Amino acid sequence: MATTPRLTSPDRVVYPDAEITKGEIADYYRAVSRWMLPDLVRRPLSLVRCPDGIAGGCFFQKHHADSLGEHVGEITLREVSGQGDYLYVQDLDGVLELVQMNSLEFHVWGSRIDDVEKPDRLVFDLDPDEGIEWNALKAAAREVRDRLAELRLRSWVRLSGGKGVHVVAPIRTGPDWSEVKAFCEAFADSLVARAPQRYVATASKAAREGRIFIDWLRNSRGATSVTSWSLRARPGAPVAMPLTWEELGRVRQAGAFDLHKALRRARNLKRDPWHAMHRARQSLPADVVP
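The structure displayed is predicted, hence computed values, not measured ones.

A.B. asks: An account of the overall build of the protein is requested, with residue identities and associated values reported.
C.D. replies: Within the protein, the secondary structure is distributed over six helices and 14 strands. Rg of the C-alpha trace for the protein: 19 Å, near the compact-globule value of 19 Å for 290 residues, within the 12% margin. A principal-axis box enclosing the C-alpha atoms of the protein has dimensions of 55 × 40 × 40 Å. Going through the 290 residues of the protein one by one, you find that 54% of them count as buried. Restricting the contact set of the protein to residue pairs at least 6 apart, pairs at least 24 apart contribute 70%. Total accessible area computed for the protein in this model is approximately 13,100 Å², and 48% of it derives from carbon and sulfur atoms. Charged side chains of the protein number 42 positive and 39 negative; the gap between the two group centres comes to 5 Å.

The structure is reproduced here in structure tokens:
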């Protein structure tokens, strides 16, 4: 019989600058679970864990370990060399067990454990070079939205909690990872061809100067993107926040929500800003030509 997750050292400070403790982090994830879990559960999951707080060094973990807790699921997946045991959660208890193990960030695959080889969403991470103004980044997100709409794909927007913005489009399962990756690469290249002075689709730091990197590589097998409502392991405890497109116009920066502002938002929300996304039924276009 499964036991209720317990939390040790709740008074230990995790975010020194904001004086946020491990107990407050657990309370945060309890409070936002209604909004967070639909984007998180039953997806292969990677973590950012910070055993000594964000000032003490953090590490990325994608493989399962029994020490993570009995509510943390395990799924065996093919890797480049052999197989690996990956982790996922099904409910809040799993999240709280990962918080007990000092997890701050939650990053998910673009597919579910029910059919790992068939992605069900596209994620374009708009990563601005230093000096790119926030209004220019918002305009870029809207341009990605509009270009996807030309292809009959409705999309949703999320602040990364860092310096970027994610544009997310759900798709019906069917195409495999290679097909989805090829579409996303072609889509990013088409945006660069239209506006090479504004965009770049290569990860090269040198090529990004003065431009916005359209990171389409999130749409590769094994790649992840931060899930909605996840804390980030950065000073100030910023949060990756899903928005409506109307709300994006009123936001002043990608890290606009910290833990406290996210809690207020969660209390005041009447419905999930992505509620329609979870019901969307749209297919991956055959190509990027509308």
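Next comes the rest of the write-up.
A.B. asks: Go over the pairing of strand β12 (residues 212-215) with me, naming the residues and quoting the values.
C.D. replies: Burial along β12 is two-sided: the face carrying Ile212 and Ile214 and the face carrying Phe213 and Asp215 are both buried. Bridge analysis of strand β8 (residues 121-128) against β12 gives four bridges, and the strand direction is antiparallel. Paired with Asp127 across the bridge in β12 is Phe213. Pairing of strand β11 (residues 199-200) with β12, which is carried by two bridges, proceeds in the parallel orientation. Across the sheet, residue Tyr199 finds its bridge partner in β12, namely Ile212.

A.B. asks: Tell me about the state of the cysteines, and name the residues and values.
C.D. replies: For the structure shown, the criterion picks out one disulfide. Each sulfur in the disulfide pair Cys50 and Cys58 lies 2.1 Å from the other. Between Cys50 and Cys58, the S-S dihedral sits near 110°, and the bridge is therefore right-handed.

A.B. asks: Help me get a handle on the UniProt feature "domain: DNA ligase D polymerase" (unreviewed entry) in the protein, residues and values and all.
C.D. replies: In the numbering used here, UniProt assigns the "domain: DNA ligase D polymerase" (unreviewed entry) feature to residues 21-274. Across residues 21-274, the secondary structure splits into 30% helix and 24% strand, with the terminal C-alpha atoms separated by 29 Å.

A.B. asks: Kindly report on the side chain of Arg232, identifying the contributing residues and their values.
C.D. replies: For Arg232, the position within the fold is in the loop between β13 (225-226) and β14 (241-243). The buried category is assigned to Arg232, whose relative accessible area is 8%. At a separation of 2.6 Å, a polar atom in the side chain of Arg232 contacts the main-chain carbonyl oxygen of Ser160. Ignoring any residue separated from it by four or fewer positions in sequence, one finds Arg232 in contact with Tyr15, Glu105, His107, Ser160, Gly161, Gly162, Val226, Ala237 and Pro238.

What counts and how
Residues numbered from 1 in each chain as written. Predicted model: local features only at pLDDT ≥ 70, side-chain atom pairs only at ≥ 80, totals over all residues. Heavy atoms only, no water. Helix = DSSP H or I, 4+ residues; strand = E, 2+ residues; numbered from the N terminus. Rg over C-alpha atoms; globule rule 2.2 N^0.38 Å. Buried < 20%, exposed > 50% of the residue type's maximum accessible area, 1.4 Å probe, protein only. Contact = heavy atoms within 4.5 Å. Areas by Shrake-Rupley, 256 points an atom, 1.4 Å probe, with all protein chains shown as cover. Lys, Arg positive; Asp, Glu negative; His and termini not counted. Charge placed at Lys NZ, Arg CZ, Asp CG, Glu CD. Pairing = 2+ DSSP bridges. Disulfide = S-S within 2.5 Å. UniProt positions renumbered as here; feature names shortened; annotations may be inferred. Polar contact = N/O pair within 3.5 Å; in protein donor to acceptor, adjacent residues only side chain to side chain.

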